[in-house]
Amino acid sequence: MKYHQRDIVEVSFLFPDGTFKPHPAIIVSNDQLQEDEDGMFYLVLITSNDWLNPQYSYPNIIVFMPSS
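The text that follows walks through the structure, step by step, so that each part is easy to find. Please read these numbers as outputs of a predicted model, since none were measured by experiment.

### Overview of the environment of I27
Logical step 1: Inspection of the secondary structure puts I27 in strand β2 (residues 20–27).
Logical step 2: Each C-alpha atom, one on I27 and one on L43, is 4.2 Å from the other, the two residues being 16 residues apart in sequence.
Logical step 3: Beyond its immediate sequence surroundings of up to four residues, I27 is in contact with Y3, H4, Q5, R6, D7, V9, F41, Y42 and L43.

### Notes on a nonpolar patch on the surface
Logical step 1: A grouping of F13, F15, L43 and L45 is seen on the molecular surface, where their side chains present a nonpolar patch of about 290 Å² in accessible area.
Logical step 2: Of note, L43 is situated in strand β3 (residues 43–45).
Logical step 3: On the basis of relative accessibility, which here comes to 32%, the residue L43 falls in the partly exposed class.

### Considerations on the sheet that holds strand β1 (residues 8–14)
Note on sheets: strands pair through backbone hydrogen bonds, and any given pair is parallel or antiparallel.
Logical step 1: If you walk across this open sheet you meet the 3 strands as β1-β2-β3, and the pairing is antiparallel. The open sheet terminates on both sides in strands that have one partner only, identified here as β1 and β3. The sheet shows a mean angle of 45° between the axes of neighbouring strands, taken without regard to direction.
Logical step 2: Where β1 lies against β2, 7 bridges are found, and the strand directions are antiparallel. Bridge assignment links V11 to a residue of β2, and that residue is H23.

About the thresholds
Residues numbered from 1 in each chain as written. Predicted model: local features only at pLDDT ≥ 70, side-chain atom pairs only at ≥ 80, totals over all residues. Heavy atoms only, no water. Helix = DSSP H or I, 4+ residues; strand = E, 2+ residues; numbered from the N terminus. Contact = heavy atoms within 4.5 Å. Patch = residues over 30% accessible without salt bridge, like charges linked within 9 Å, V, L, I, M, F, W, Y side chains within 5 Å. Areas by Shrake-Rupley, 256 points an atom, 1.4 Å probe, with all protein chains shown as cover. Salt bridge = Lys/Arg side-chain N within 4 Å of Asp/Glu carboxyl O. Buried < 20%, exposed > 50% of the residue type's maximum accessible area, 1.4 Å probe, protein only. Pairing = 2+ DSSP bridges. Axes fitted to C-alpha atoms, helices over the stretch in contact; angles between N-to-C directions.

Below you can see the structure in the form of structure tokens.
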């Protein structure tokens, strides 16, 4: 499956204790990077927890997760 810029995906995030937890992320790189770098893309982890920094949080955001 090819992903596109602004797609929300679920990734396994590695914690310091060696465990993994699924976490949502948004793809920020464009399609050209995937073509040039053999499928590689950049993404940023996202969260709906407003306790991290309320100044930069938006309550009640609905996140769309594309099906595989």
